[in-house]
Amino acid sequence: MNKSTIILLSVLGVILFTGFYGCNRRNAFIGMEGTVKQKASDMQVQYQRRMDLIDQLVKTVKGQVAFEQKTLTDVVNARANATRMQINVETLDPDQLKKFQAAQGELSQALGRFLSISENYPELKSSQAFGDLRAEISGTENRIQFARNDYNQSVRDFNVAIKQIPGTFFAWGMKDYPSFEAETGAEKRPDISF
C-alpha cells in the first residue's frame, strides 16, 4: 500500500467513526428528550389526579356541612385556575413553567387552608368519605413531589448532556428544558407558636 492510500483510508476511518459516534449521540439525546417529555406528562397526570380529588373533596364537604363559603370558594377558584393552566411538553419554556407552577402553588395554598379549617368541623372529620379523600390527597401530593423530582432529574441529565463536548456538536436544534424551582419563601423556616 502506498502512503496516499493509507492516508485516504485513515481519513475515511475517522469520518466513519465520527459519523457513527454522532448518530449514536444524537439518538441518545433524542431518547433523553423523550424521557423529559414523558416525565412532564407523568407529572401532569398526578396534577390531574389532584384536581379530580379536590373536586370530590369539595362535593363531599358541601354534602356534609355548611362549610365556610369563602374558603370553599377559594379552593374552587384556585382549582379552576390551575385546570386552565396546562403545560405543553413540546413547547415548554421557563415562563410557561413558572405560570404553571404559580397556579399549582395557589391551589396548594388554598387546599392547605381548606384542610386546616376542616379541623374545626367534628362531623366532617368523622366522615369516612372525607377521611379517605384527605388520605388520597396527601398521597397524591407525595406523588406530585416524586414526579417533579423525576422530571427535574431528567431535565438536568438532558441539559448537561447537550452541553458537554463533544456531544454538543451533535445536539443542534435542541434546547434546554426548564426545571421546577422551590416556591418563593420556601427557604424560610415557618414560625410555629403554641
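Whatever comes next refers back to the structure up there.
Calculation rules
Residues numbered from 1 in each chain as written. Predicted model: local features only at pLDDT ≥ 70, side-chain atom pairs only at ≥ 80, totals over all residues. Heavy atoms only, no water. Core = buried A, V, L, I, M, F, W, Y, C linked by side-chain atoms within 4.5 Å. Buried < 20%, exposed > 50% of the residue type's maximum accessible area, 1.4 Å probe, protein only. Helix = DSSP H or I, 4+ residues; strand = E, 2+ residues; numbered from the N terminus. Contact = heavy atoms within 4.5 Å. Axes fitted to C-alpha atoms, helices over the stretch in contact; angles between N-to-C directions. Parallel < 35°, antiparallel > 145°, perpendicular 65-115°, else oblique. Left-handed = near helix turned anticlockwise from the far one by under 90°. Nonpolar A, V, L, I, M, F, W, Y, C, P; charged D, E, K, R; others polar. Salt bridge = Lys/Arg side-chain N within 4 Å of Asp/Glu carboxyl O. Phe/Tyr/Trp six-rings, centres within 6.5 Å; stacked < 30°, edge-to-face > 60°.

What follows deals with the nonpolar core. Counting residues in hydrophobic clusters, the biggest one holds 41 residues, and the most contacted among them are Leu57, Phe114 and Tyr151. For this core, the elements supplying multiple residues, two or more each, are helix 1 (3-64), helix 2 (69-84), helix 3 (94-117) and helix 5 (128-161). A per-element tally of this core places helix 1 first, with eleven residues. In contact with Leu57, other than residues within four places in its own chain, are Leu111, Phe114, Leu115, Phe130, Leu133 and Ile137.

Another aspect to go through is the side chain of Gln44. Structurally, the position occupied by Gln44 is in helix 1. The residues contacting Gln44, other than those within four sequence positions of it, are Gln86 and Ile87.

Cis rather than trans, the peptide bond between Ile165 and Pro166 has omega equal to 10°. Inspection of the secondary structure puts Pro166 in the segment after helix 5.

This part is about the side chain of Arg50. Here Arg50 is to be found in helix 1. When sequence neighbours within four positions are dropped, the list of residues in contact with Arg50 reads Gln104, Leu107, Ser108, Thr140, Glu141 and Ile144.

Moving on, we come to the packing of helix 2 against helix 3. A pair of packed helices is captured by two measures, namely the crossing angle of their axes and the spacing between those axes. Running from N to C, helix 2 and helix 3 point in directions that differ by 155°, and their axes come no closer than 8 Å. Taken together, the axes of helix 2 and helix 3 are roughly antiparallel relative to one another. When you trace helix 2 past helix 3, the crossing you get is left-handed. Across the interface between the two elements, Thr71, Leu72, Asp74, Val75, Ala78, Arg79, Asn81 and Ala82 from helix 2 touch Ala103, Gln104, Glu106, Leu107, Ala110, Leu111, Arg113, Phe114 and Ile117 from helix 3. Looking at the contact of helix 2 with helix 3 residue by residue, the class counts come to ten nonpolar, three polar and four charged.

Time to look at the pattern of salt bridges. All chains considered together, the criterion is met by four salt bridges. Among the salt bridges present, the one from Glu136 reaches Arg49, with a minimum N-O distance of 2.3 Å. In this pair, Glu136 sits in helix 5 while Arg49 sits in helix 1, placing the two residues 87 residues apart along the sequence. The exposure class assigned to Glu136 is partly exposed, which follows from its relative accessible area of 35%. A salt bridge links Asp176 to Lys163, with the nearest nitrogen and oxygen atoms 2.7 Å apart. Placement of Asp176 in the segment after helix 5 and of Lys163 in the segment after helix 5 is noted, with a sequence separation of 13 residues between them. Judged by its relative accessible area of 34%, Asp176 is partly exposed.

In total, this model carries six aromatic pairs according to the counting rule given. Taking the centre distance of 6.5 Å and the plane angle of 20° together, the rings of Phe17 and Tyr21 count as stacked. Remark: Tyr21 and Phe17 occur in helix 1; sequence separation between them is four residues, near one turn of the helix. Of the residues examined, Phe17 reaches a relative accessible area of 59% and is grouped as exposed. With a relative accessible area of 28%, Tyr21 lands in the partly exposed category. With centroids separated by 6.0 Å and ring planes inclined at 80°, the aromatic side chains of Tyr151 and Phe180 adopt a geometry described as edge-to-face. Placement of Tyr151 in helix 5 and of Phe180 in the segment after helix 5 is noted, with a sequence separation of 29 residues between them.

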